Amino acid sequence: MSKRVLTTESGAPVADNQNSASAGVGGPLLLQDQHLLEKLARFNRERIPERVVHARGSGAYGHFEVTDDVTGFTHADFLNRVGKRTEVFLRFSTVADSLGGADAVRDPRGFAVKFYTEEGNYDLVGNNTPVFFIKDPIKFPDFIHSQKRDPFTGRQEPDNVWDFWAHSPEATHQVTWLMGDRGIPASYRHMNGYGSHTYQWTNAEGEAFFVKYHFKTNQGIRSLSSEQAAELVGRDPNSHQTDLLQAIERGVHPSWTLYVQLMPAAEAADYRFNPFDLTKVWSHRDYPLQRVGRLVLDRNPDNVFAEVEQAAFAPNNFVPGIGPSPDKMLQGRLFAYADAHRYRLGVNHTLLAVNAPKATTAQNYGRDGLMAVNSQGRYAKNYEPNSYDGPVETGRPLSAPLAVTGHTGTHEAPLHTKDDPFIQAGDLYRLMSEEERQRLVANIAGGLSQVSRDDVIEKNLAHFHAADPEYGRRVEEAVRALRED
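1. A few points about unusual backbone geometry
Then step 1. Cis peptide bonds are those with omega within 30 degrees of zero, and the linkage from Glu384 to Pro385 qualifies with 5 degrees.
Then step 2. For Pro385, the location among the structural elements is in the loop between helix H8 (328–345) and helix H9 (423–431).
Then step 3. For Met371, which is not glycine, the phi dihedral falls at a positive 60 degrees.
Then step 4. Topologically, Met371 is positioned in the loop between H8 and H9.
Then step 5. On the accessibility criterion, Met371 (67% relative accessible area) is exposed.

Here's what the structure looks like:
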């Protein structure tokens, strides 16, 4: 069988791919060597701007299968019957480090799922923790700057990390998660995923429910100690990517069971704390977990750059039956995520294979822009309404409307009876075993003791004291011991 012919990007056959054209044997190279110039120019442009956050990631394809009837809570088509399967793409990631960072580090993990539904793509963008460090998006750039490499030293600085947390008492709950035993997952397969935010489901009768998503790993929770992680990073900085790739290749398909907590919309106003506060969890006693289905990953991407690096998830990609809540952090991300992809990948990033709908076809009036391939023919119009049988609106909202009242302004979130930044951090500490508490205290003290300013240390210690007196005392003693060494 004859071999395929190597061509230039314009399709012309390449005569010699081993030697550049030169002015005589040993002479200078020629500007007319189109193949050489094209190869070098493309090579110079192989990289795109990395994500500001969640830069280092891994991903895989699979499916989601409904196992339990939830049609009383949402009319989303991909959840409309037991046994229904929907193709998915899931991207895991670390948050703070760059594309060249290591996998086994103490950092939250992104857990982003793209459901290729028959009513369009639904993106559920979450983490491996049910809470986050802040509850207002206006603080997000400042938070990330404090966790990133310092402009002068070029490394992550404890002074910056803990200084921001010292001025953000609402971060105490997530700090307790991060510094605890689950702060460094052993692999992506051995961690849970959470929608983290509060979303809205609407049923066929128009009843609204607020919902939180919980993806429970069926492989069991496995985590690493700081010492185990340091050893693994030195041995294989790509440990999580390696594990995910090899598991799927050998037929060991990781899976998660999806559960939800559902709150009737009318109960939100009087719940004991703000149910839209991303720094808090809902009590499982108040709103028990209800099983929805099973997510399975069974196929690796063929090209990590094309399918993982260019995968674009945006929480504003809803489908009928699912919508937003008044969660401030979610509201900010409804804009920020999609805008980040327009910057990194271009306005037509939704046409890339990994981002395009698979179970339906996108039909709209978007045209032109960088890398436009959506001309849609000579007779298609790029305005609406029109008289040429172009796509039309449905008049059916995706979800129930959110009630609003009051005056515009920069308001703090409304206070509920138990809206306190420390209660749930203390609850989490008291749930831990003695061995878990010892490791938590050691992890916090290891970082906090490196801070150069005493006032920053004192502010952070005050947060742990407020969460639980024993918690604060043990951290304070551990920090003092390390600083006296």
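2. A short note on the pattern of salt bridges
Close approach of charged atoms allows side chains of opposite charge to pair.
Then step 1. The tally for this structure, following the rule as stated, stands at 29 salt bridges.
Then step 2. With a closest N to O distance of 3.2 Å, Arg85 and Glu65 form a salt bridge. A residue pair is termed long-range when its members are at least 10 positions apart, and Arg85 in strand E2 (residues 85–94) and Glu65 in strand E1 (residues 57–66) qualify at 20 residues.
Then step 3. Judged by its relative accessible area of 26%, Glu65 falls in the partly exposed class.
Then step 4. For the salt bridge of Arg430 with Asp468, the shortest nitrogen-to-oxygen distance reads 2.7 Å. With Arg430 in helix H9 and Asp468 in the loop between helix H11 (454–467) and helix H12 (469–484), this residue pair connects regions lying 38 residues apart in the sequence.
Then step 5. Taking the relative accessible area as the measure of exposure, Arg430 reaches 41% and is therefore partly exposed.
Then step 6. Since its relative accessible area comes to 9%, Asp468 is described here as buried.

Calculation criteria
- Residues numbered from 1 in each chain as written.
- Predicted model: local features only at pLDDT ≥ 70, side-chain atom pairs only at ≥ 80, totals over all residues.
- Heavy atoms only, no water.
- Helix = DSSP H or I, 4+ residues; strand = E, 2+ residues; numbered from the N terminus.
- Buried < 20%, exposed > 50% of the residue type's maximum accessible area, 1.4 Å probe, protein only.
- Salt bridge = Lys/Arg side-chain N within 4 Å of Asp/Glu carboxyl O.

Keep in mind these numbers describe shape, not what the thing actually does.
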